[in-house]
Every structure is written in structure tokens, then in C-alpha cells.
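Topology and contacts: notes
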Amino acid sequence: MNPIVKINCIELTWIDSKEKVLEWDNLLIESNFPHPFSSFTFYNSWVETFVDDLTQIKMLFFYNNNKLVGLAPIFVDQDNKSVSILGDKDLFDYRDIIYISEFYEEIYIELLSYLKSQKWYQDYTIIMQSIPESSELFNLLNADKLIDFADVEIKQEDVTPIFNINDEWDDYLLALSKKQRHEIRRKLRKFESQNFHYKLIKGNQDLSKFLSDFYQLFINSREDKKQFLTDQRKTFFNKMLFAFAEKNELKILSYYDGNILISACIVIEYANIYFLYNSAYSLDYNSFSVGLVSKIVALKQSIENNKRAFNFLRGNERYKYDLGGEDIKLFEIKLSIT
């Protein structure tokens, strides 16, 4: 008989949770799917930018024998009577709770029990967006383990293609189709025939100047990107990128024609994986495939630096699959507690 697992749930305010950053970071690295979107660094930048009323945030820490084994950052929307994982779909590619796989069933059930017991909770819906298909939550749903707690609605939301790294660069090229391999080599040769120069930005030095140039490149590339980059989102990007740079978890691969920025990839390096968070390129240099080449170079560096994977993140753009990406499906799950 398996021993009974005892999970203790502690509710903290957002401010109080900051005192547990070290525990938080260690839990995320040990979790089933470590990624930067569940890190304190990312969350803190988002909260400081977008949340005016901190009482809407409830930080639930789950312990087993004084060891942190789960964390659910909850946002309560009283106007819409909904509960969600902290964050938003536009800026967070993944938004599951954090947990060590051994305890996932007890943590999810404890979370639902907690919500059901709250005096303020009545006719609320739990809306969980951007849940990766690898989430242990699907094990519970498939086994009807939550049938006594909630009615469930599931729909696919998006994909985040990922390339798992196993070989050297030359082996990677050989594994592609002949056409894909030829195109990559042809584009690299044409690009390298020009006098463009490469710059890697890792720390805070040069970051302010780069971001000013990057935002201009970003909004000039497409009208929808111009509408997306509001002043508030720009403030968030600045906070978040400087914070990751401070932790030495930011890599920006940029190319210039003289002093003019022509393409850039913003990569967050986390848990030995490259996450391609954002990119932009100049339409004036389309004939040199500057946007695609910068992504190829980022992928090449991830292979040469012995990373576990290169995550292209949200979206099903064709180039991601041409470069070897395979989908991780994202789902939206609604739970109406019965």
C-alpha cells in the first residue's frame, strides 16, 4: 500500500511570497516542465506592470514534510467571477501551476478543495490557459479523478514548436530534407557574403540602446505588431529583459549594417534550453533573409552550446517546422467547481 501523501497549503500575499524566491526557483528547476514563464523574474515584471490591486493575487504554496513541492499563483477576477493562473495569454507562452511530478495529483486536488472552501468563491470558473500537453493535469482529467470536483471543458489553444537537440550542427543539417538543408546553406552563404556584423548582448550594457532600436524594427515589420506594442507592454518588456539580463539568462543575437539594426532574436536561456521569446527584422533586407538567418544562427548556437532544446514558442509559422520544430500543443481548460 502506498503511503498517504500529506500536502499542506499555505496562502501568502504577493508581497510575502517574495521572501520565498529561492524556494520558488529551486521548485521550478525540479518541476516537470521548467520554463521562464513560471519564474519569479517573469511574474514580478508582469505584476509590477499590470496589477494595480495586489489583493487579487493569491499565492498558494504546497508543502510536503516542509519541502515546497507545488506553487499556484492565482489571480481572482471578481468582476467576471473567474480564477486563473497569474499572467495573460499575450505575454505568457505557458501558464500551468508549478509542481514536482510525484505530488501532482494531491496538489491539484488540494488546489480545487481550497477554492471550493473559500467564502468568496461561488459560481466561479477556473480558466487555465496555455496549458502544455505535457501537464500532469491531463492524467487527472483522463482518469476522471476530478469528476467529484468540477465540470470540465477543454479546447486546443495554440502550439509551441520545439527542437530537441541530440547531435552536432552537421548532424542536424544531415537530418533535414535535402531541400531544407540546401536552403539553409544557400541563405547563410548569401547573408555571409555581405558586410553585416554580428553582436551578442547578454548583460545590461547596451541593452537600453538595443531595445530602442528593436522596438522600432518590431513595429515597422507589421501593422498588428505596432498595435500590440503598447506603452504598457513596452514597460513590461523593459522590466523583464533587464531582470533576466541581471541573472545572466538573456541572450540577444543581433545583426547590423553599419550602425543600423537589421535583425535580432531575443532568447531567454533557462533550464539549459533556448526559448525564442521575440524577434524582429528589417523589411528593407528581405532579399538577404535576415529574419530567418538570425533564427538559424540562434539555433546553431544552441546546438554548439550543448543545450537540451531550442523552443520556438507560440505560433505555427512555417519556418519553425522547416528548421526541425515539433509541436507542443497548448490547451485552454475550464473547470466549473460543482
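Rules of the game
- Residues numbered from 1 in each chain as written.
- Predicted model: local features only at pLDDT ≥ 70, side-chain atom pairs only at ≥ 80, totals over all residues.
- Heavy atoms only, no water.
- Pairing = 2+ DSSP bridges.
- Helix = DSSP H or I, 4+ residues; strand = E, 2+ residues; numbered from the N terminus.
- Axes fitted to C-alpha atoms, helices over the stretch in contact; angles between N-to-C directions.
- Contact = heavy atoms within 4.5 Å.
- Core = buried A, V, L, I, M, F, W, Y, C linked by side-chain atoms within 4.5 Å.
- Buried < 20%, exposed > 50% of the residue type's maximum accessible area, 1.4 Å probe, protein only.
- Parallel < 35°, antiparallel > 145°, perpendicular 65-115°, else oblique.
- Left-handed = near helix turned anticlockwise from the far one by under 90°.
- Nonpolar A, V, L, I, M, F, W, Y, C, P; charged D, E, K, R; others polar.
- Salt bridge = Lys/Arg side-chain N within 4 Å of Asp/Glu carboxyl O.
- Expected span 1.5 Å × (residues − 1).
- Arc of directions from axis to C-beta.

1. Quick word on the sheet that holds strand β12 (residues 273-281)
Spatially, the 6 strands line up as an open sheet ordered β8-β13-β12-β11-β10-β9, and their pairing is mixed. For this open sheet the edge positions go to β8 (162-164) and β9 (197-201), each flanked by a neighbour on one side alone. For this sheet, the mean inter-axis angle between neighbouring strands, taken without regard to orientation, is 20 degrees. When β9 meets strand β10 (residues 250-257), the two strands line up antiparallel, connected through 5 bridges. Along β10, the bridge assignment pairs K199 with S254. Each of β9, β10, β11 (260-270) and β12 touches helix α8 (residues 207-221); the most contacted strand, β11, lies at about 110 degrees to it.

2. A closer look at the pairing of strand β14 (residues 329-337)
In terms of strand pairing, strand β6 (residues 125-132) meets β14 through 6 bridges, oriented antiparallel. Looking at the pairing, I131 lines up with F331 of β14. When strand β7 (residues 150-159) meets β14, the two strands line up antiparallel, connected through 9 bridges. Residue pairing for β14: A150 is matched across the bridge by I337.

3. A short note on the nonpolar core
Among the nonpolar cores identified, the biggest contains 92 residues, and W14, I126, M128, F210, F214, M240 and Y277 are the most heavily contacted of them. Not counting chain neighbours up to four residues away, the residues in contact with F210 comprise I201, I252, S254, Y256, L261, A264 and I266. If you look at the next biggest cluster of nonpolar residues, it comprises 30 residues, including I184, Y285, I303 and L323.

4. Regarding the packing of α8 against helix α10 (residues 231-246)
For the pair α8 and α10, the least separation of the axes is 11 Å and the interaxial angle reads 140 degrees. It follows that α8 is oblique to α10 by the angle criterion. In this structure, the crossing between α8 and α10 has a hand that is right-handed. Side by side, α8 and α10 meet where L207, S208, L211 and Y215 of the first sit next to K234, F237, N238, L241, F242 and A245 of the second. Class assignment for the residues of the contact of α8 with α10 results in 7 nonpolar, 2 polar and 1 charged.

5. Details of the pattern of salt bridges
Throughout the structure, instances matching the rule amount to 18 salt bridges. Here R233 and D90 are joined by a salt bridge, their closest N and O atoms 3.0 Å apart. In this pair, R233 sits in helix α10 while D90 sits in the loop between β4 (82-85) and β5 (98-99), placing the two residues 143 residues apart along the sequence. Here R314 ties to E157 by a salt bridge, and the two come within 3.0 Å at their closest N and O atoms. Here the residue R314 occupies a position in the loop between β13 (309-311) and α12 (318-322), and E157 occupies one in strand β7, the gap between them amounting to 157 residues. Classification of R314 by relative accessible area gives partly exposed; the value is 22%. Taken together, the shared-partner salt bridges in this structure form one network comprising E157, D158 and R314.

6. Here we look at α8
Between its first and last C-alpha, α8 extends 21 Å over 15 residues, near the 21 Å set by a 1.5 Å rise per residue. Buried within α8 we find L207, F210, L211, F214, Y215, L217, F218 and S221. When α8 is viewed along its axis, its buried side chains cluster within an angular range of 165 degrees and face the same direction. For α8, the exposed residues set more than 90 degrees away from the buried face come down to S208 and K209. Summarising the contacts, the buried residues of α8 are in contact with β9, α9 (223-228), α10, β10, β11 and β12.

7. Here we look at the environment of G70
Relative to the helices and strands, G70 resides in strand β3 (residues 67-77). A residue is classified by how much of its surface remains accessible, and G70, at 0% relative accessible area, is buried. Counting along the chain gives 194 residues from G70 to A264, while the straight-line C-alpha distance between them is 36 Å. Each residue touching G70, except ones within four places of it in the same chain, is listed here: L27, L60, F61, F62, I98, Y99 and I107.

8. Observations regarding helix α2 (residues 21-30)
What α2 keeps buried is the set W24, D25, L27 and L28. One side of α2 carries all its buried residues, which in axial view fall inside an arc of 165 degrees. Elements in contact with the buried residues of α2: α1 (14-17), α3 (40-50), β2 (57-64), β3, β5 and β11.

Keep in mind these numbers describe shape, not what the thing actually does.
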